[in-house]
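Structural characterization, general
Letter by letter, the chains look like this.
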Amino acid sequence: MQTLADAFADFGVRHPIQQSLASEFIDLLDDAEDPFERARLTGHFTASALVVSGDGMRTLLTHHRKLGMWLQPGGHADGDRDLARVALRETEEETGLVDVTVQPDIFDIDRHWIPEHKGVPGHWHYDVRYLVRAGADESFAISEESLALAWRPIAEVAEGEAHDASLRRMAQRWIEVRDRHP
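All figures in this text were calculated on a predicted structure; none of them were measured in a lab.

**Things to note about the packing of aromatic side chains**
Scanning all chains against the criterion turns up 7 aromatic pairs. Ring geometry for phenylalanine 25 against tyrosine 126: centres 5.3 Å apart, planes inclined by 75°, an arrangement best described as edge-to-face. Of the two residues, phenylalanine 25 is situated in helix 2 (residues 19-29) and tyrosine 126 in strand 7 (residues 123-133); the sequence distance between them amounts to 101 residues. Ring geometry for phenylalanine 45 and tyrosine 126: centres 6.4 Å apart, planes at 65°, overall edge-to-face. Placement of phenylalanine 45 in strand 1 (residues 43-52) and of tyrosine 126 in strand 7 is noted, with a sequence separation of 81 residues between them. Considered together, phenylalanine 45 and tyrosine 126 belong to a single accessibility category, that of buried residues.

**Here's the deal with the environment of isoleucine 175**
Looking at the secondary structure, you find isoleucine 175 in helix 5 (residues 165-180). For isoleucine 175, a relative accessible area of 18% corresponds to the buried category.

**Describing the pattern of salt bridges**
Going through the model one piece at a time under the given rule, you end up with 17 salt bridges. The partner of arginine 169 in a salt bridge is aspartate 110, and the shortest N-O contact between them spans 3.4 Å. You can see arginine 169 sitting in helix 5 and its partner aspartate 110 sitting in strand 6 (residues 108-114), a full 59 residues away along the chain. A residue is classified by how much of its surface remains accessible, and arginine 169, at 24% relative accessible area, is partly exposed. Judged by relative accessible area, aspartate 110 falls into the buried class, the value being 12%. Each member of the salt-bridge network shares a partner with another, and the members are Asp80, Asp82, Arg85, Arg89, Glu90 and Glu93.

**Digging into the nonpolar core**
Membership of the largest hydrophobic core comes to 31 residues, with the highest contact counts inside it found for Phe45, Leu83 and Ile106. Mapped onto this core, the elements with two or more residues apiece are helix 1 (4-14), helix 2, strand 1, helix 3 (83-95), strand 7 and strand 8 (146-153). Of all the elements, helix 3 adds the most residues to this core, at 5 residues. Beyond its immediate chain neighbours, meaning those up to four positions away, leucine 83 contacts Leu4, Phe36, Phe45, Ala47, Ala77, Val128 and Tyr130. If you look at the next biggest cluster of nonpolar residues, it comprises 13 residues, including Leu50, Val52, Trp174 and Ile175.

Rules and cut-offs
- Residues numbered from 1 in each chain as written.
- Predicted model: local features only at pLDDT ≥ 70, side-chain atom pairs only at ≥ 80, totals over all residues.
- Heavy atoms only, no water.
- Phe/Tyr/Trp six-rings, centres within 6.5 Å; stacked < 30°, edge-to-face > 60°.
- Helix = DSSP H or I, 4+ residues; strand = E, 2+ residues; numbered from the N terminus.
- Buried < 20%, exposed > 50% of the residue type's maximum accessible area, 1.4 Å probe, protein only.
- Salt bridge = Lys/Arg side-chain N within 4 Å of Asp/Glu carboxyl O.
- Core = buried A, V, L, I, M, F, W, Y, C linked by side-chain atoms within 4.5 Å.
- Contact = heavy atoms within 4.5 Å.

Below you can see the structure in the form of structure tokens.
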């Protein structure tokens, strides 16, 4: 089985523009304070998912309650070192989708700042992103973490200036993958 460090290294080779960031993720693995726990207030691992429809043409986004933005589902590792499993769990919890599958390879990585909220100081999220495919049933349920959920055309997200830059990057990457392997 491939270690997470090897997975980050492989990701960096596949995506040279993010190779330096992949090295930062590898370095974080060796931190004496557990980076898989949110108690590490300087920064910690999270996992999220670009959820794509069965036909690969749409993505399911959540209007995040705390951040007030349309984003992919995701959340804290909370001690779980299997970040693909975390991405799948967060997808199921935040969307109510059933029969979803997670692709095991890292799809994207992003380090972003989370502002102070309810006494928790601002900190870095080292977000490891996976591709999650929806099954035949695309009906969803809004969780308490979201203001709304919506299926959006992936091309609209890839080109939409209103979307977060890292979400646009993932949508663009998915379109490239989808078009290479229809």
